[in-house]
Amino acid sequence: MATPPTTTLLILGAGGDLTHRLLLPGLASLLAVEPERVVRVVGADRVDISAADWKARVKDSFAAAKPAARVTSAITRHTAYVRTDLLDEAALRALVGGCGDGPLVIFFALPPQVTMKVCALLQHVALPDTTRLALEKPFGTDHQSAVDFNTLLHKVVAEEDIFRIDHFLGVATVFNLVGLRFANRLLAPVWSAEHIERVEIVYDEDLALEGRAGYYDGAGALKDMLQSHLLQVLALFAMESIAALDARELQDQKAQVLRATRVWGGSPKRSSRRARYTAGTIGRRKVPDYVQEEGVDPKRCTETLAEVTLEVANSRWAGVPFVLRSGKALGTPRKQIVAHFRDVPHLPTGFVGGSDGDLLTIDLKPGAVSLTLTMNAEGDPIDLEQKTLTATLAAPRMQPYGEVLAQILDGSQLLTVRGDAAEECWRVMAPVIKAWADGRVPLEEYAAGSDGLTP
């Protein structure tokens, strides 16, 4: 049996936090499950890191995932770090040339504006026949910049070799939506506006800024979470059936949903809300006012909680509000998708209660699926109450970045964001972004540790 070719994972911006905290541990979790993969890791950045220190970083990042000792040994033995200026064309050419002629994955662990500059230079660099670009969000800063970015990327490699990473798509409980919807006779017939009254997609955190002002204060909750992650979840929830678990077919169906998605009622003023946390307490932890956090510019009016109600204007979902919400520094973390079912057309006279609709809740962290149903109470048989049936999902086989990297290394776009979808996500949120920038939606406040509602 022929030995598979070595794939080089070239990490641009390898000296940053993303590489050590998420990317390398994700790779380790992948190799712990699939140790037969042959991958060489090359890090590149402008910071000065010795060969010994780089190997130590890689080994440390691998420790938590606990792959076989021989796997860690092989990775650390063959890994390399190159100190270079990524914005120097000659230096970039030498860096790519040093990776050899085998399959190459270029992972951009860089700020978006630097990524675009590097991609502009890559147009003039000879790349191996199999070269894939892996890019972190955000994909542009608005609709037009996303279009321009895609045009630039397509000058470097073809769309099928571009992997726009949304690590939410690597979360097992998110992708579980596909199996839950299409592998269950019970749910498939009721997955429409005829039976579902509204849908909530919520990602509330008890974490505050946690030193991320450099990125977060320029983005805010809307761009950081709703415009990217939660719209991808919505697309998976609302898409039409697929004939096969095929990357192109899945991407086509997701894109179709996003093209039909718009702000509820066409009014961002009535259908969106933004707020920012003030000082408070989460458990025993005191949280300062957001504007007092280090690195925050109060003049930006950055929101730490965003809520937008959308509609998917097609025959399946017409009239169903999709509420997307994400907030920081909240008292209770809540990371779930909730489908609220409509009441029965007629409740037999004589029953008492039963006014609360049935629910399907998909908990993203921890992974669980719960079905809340109305049934006879344990006491008086004419009383109705709700009972919840819960299935706890098995622990994921690897970290989200491991799942994403597996698909990239295999050349599969199953867990990526296609170019047209990236553009549509900006189009969907554009009216809200403009309304907020124009001050048509007031910036509310909520105390850290609260439920995020205005007092």
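Residues numbered from 1 in each chain as written. Predicted model: local features only at pLDDT ≥ 70, side-chain atom pairs only at ≥ 80, totals over all residues. Heavy atoms only, no water.

Colleague: Could you clarify how one ought to interpret the overall build of the protein in this entry?
Modeller: From N to C terminus, the protein includes twelve helices and 20 strands. Whereas a compact globule of 455 residues would reach a radius of gyration of roughly 23 Å, the protein reaches 24 Å, a difference of no more than 12%. For the C-alpha atoms alone, the extent of the protein along its principal axes is close to 80 × 60 × 45 Å. Looking at the protein alone, contacts between residues at least 24 apart form 77% of all its contacts between residues at least 6 apart. (Helix = DSSP H or I, 4+ residues; strand = E, 2+ residues; numbered from the N terminus. Rg over C-alpha atoms; globule rule 2.2 N^0.38 Å. Contact = heavy atoms within 4.5 Å.)

Colleague: Just to check I follow, could you spell out the packing of aromatic side chains for this structure?
Modeller: In this description, a pair of aromatic rings is defined by centroid distance and the angle of the planes. Using the criterion set out here, one finds eight aromatic pairs in the structure. With a centroid separation of 5.8 Å and an interplanar angle of 45°, the aromatic rings of Phe-237 and Trp-317 are classed as tilted. Highlighted residues: Phe-237 in helix H8 (residues 213-238) and Trp-317 in the loop between strand E12 (305-312) and strand E13 (322-327), separated in sequence by 80 residues. Summarising the burial analysis for this pair, Phe-237 and Trp-317 share the class buried. (Phe/Tyr/Trp six-rings, centres within 6.5 Å; stacked < 30°, edge-to-face > 60°. Buried < 20%, exposed > 50% of the residue type's maximum accessible area, 1.4 Å probe, protein only.)

Colleague: Is there a simple way to explain the environment of Ala-313 in this structure?
Modeller: Note on placement: Ala-313 falls in the loop between E12 and E13. Assessed through its relative accessible area of 35%, Ala-313 is described here as partly exposed. Those residues in contact with Ala-313, other than ones at most four positions away along the chain, are Ala-260 and Arg-262.

Colleague: Is there a simple way to think about the packing of H8 against helix H9 (residues 247-260) in this case?
Modeller: Packed helices, taken two at a time, are described by the angle between their axes plus the distance between the axes. Across the interface, H8 lies against H9 with an axial gap of 8 Å and an inter-helix angle of 105°. Considering the angle they form, H8 stands roughly perpendicular to H9. For the pair formed by H8 and H9, the contact residues are Leu-231, Gln-232, Leu-234, Ala-235, Leu-236 and Ala-238 on the first element and Leu-250, Lys-254, Val-257 and Leu-258 on the second. Here the contact of H8 with H9 is built from residues that sort into eight nonpolar, one polar and one charged. (Axes fitted to C-alpha atoms, helices over the stretch in contact; angles between N-to-C directions. Parallel < 35°, antiparallel > 145°, perpendicular 65-115°, else oblique. Nonpolar A, V, L, I, M, F, W, Y, C, P; charged D, E, K, R; others polar.)

Colleague: Help me understand the layout of surface pockets, please; the structure alone is not making it clear to me.
Modeller: It is the rolling of a water-molecule-sized probe over the atoms that shows where space remains empty. Here the second largest pocket defines a volume of roughly 500 Å³. Phe-341, Arg-342, Asp-343, Val-344 and Asp-358 are the residues nearest the centre of the second largest pocket, which is lined by 21 residues in total. When residues in the lining of the second largest pocket are grouped by element, the largest group, four residues, is from strand E17 (residues 368-376). Residue composition of the lining of the second largest pocket, by class: eleven nonpolar, five polar and five charged. (1 Å grid on protein atoms, 1.4 Å probe; cavity = no way out; pocket = protein on both sides within 12 Å on 5 of 7 lines; lining within 4 Å. Points joined across faces, edges and corners; volume = space filled by probe spheres on them.)

Colleague: I keep staring at the environment of Ala-421 and nothing clicks. Help me out?
Modeller: Inspection of the secondary structure puts Ala-421 in helix H12 (residues 419-437). With relative accessibility at 4%, the residue Ala-421 sits in the buried group. Between the alpha carbons of Ala-421 and Pro-35 there is a distance of 33 Å; along the sequence they are 386 residues apart.

Colleague: What's the story with empty space enclosed by the protein in this structure? I'm lost.
Modeller: Inspection of every chain in the model, using the stated rule, returns two cavities of 30 Å³ or more. In this model, the largest cavity occupies a volume close to 70 Å³. If you trace the largest cavity, you find it lined by Lys-137, Pro-138, Phe-139, Gln-227, Ser-228, Gln-232, Val-417, Ala-422, Cys-425 and Trp-426. Of all the secondary-structure elements, those providing two or more residues to the lining of the largest cavity are H8 and H12. The residue inventory of the lining of the largest cavity, partitioned by class, reads six nonpolar, three polar and one charged. Quantified by volume, the second largest cavity comes out at close to 50 Å³. Looking at the second largest cavity, the residues that line it are Phe-108, Leu-110, Pro-111, Pro-112, Thr-115, Leu-135, Glu-136, Pro-138 and Phe-149.

Colleague: Please clarify how the sheet that holds strand E1 (residues 7-12) should be interpreted in this entry.
Modeller: Hydrogen bonding along the main chain pairs the strands of a sheet, whether they run parallel or antiparallel. Strand order in this open sheet of seven strands is E3-E2-E1-E4-E5-E6-E19, and the pairing throughout is mixed. One side of each edge strand has no neighbouring strand; the edge strands of this open sheet are strand E3 (80-83) and strand E19 (416-417). Here strand E5 (residues 131-136) pairs with strand E6 (residues 162-165) via four bridges, running parallel. Residue pairing in the sheet places Leu-135 in a bridge with Arg-164 of E6. (Pairing = 2+ DSSP bridges.)

Colleague: I would appreciate a short explanation of the pairing of E6 in the present structure.
Modeller: Remark: a regular strand shows side chains that alternate across the two faces of the sheet. Here E6 shows no split at all, with Ile-162 and Arg-164 on one side and Phe-163 and Ile-165 on the other all buried. Of the crossover connections in this fold, the one passing from E5 over helix H6 (residues 143-156) to the parallel E6 is right-handed. Pairing between E6 and E19: two bridges, direction antiparallel. If you follow Ile-165 over to E19, its bridge partner there is Thr-416. (Right-handed = clockwise from strand over helix to strand, strands pointing away.)

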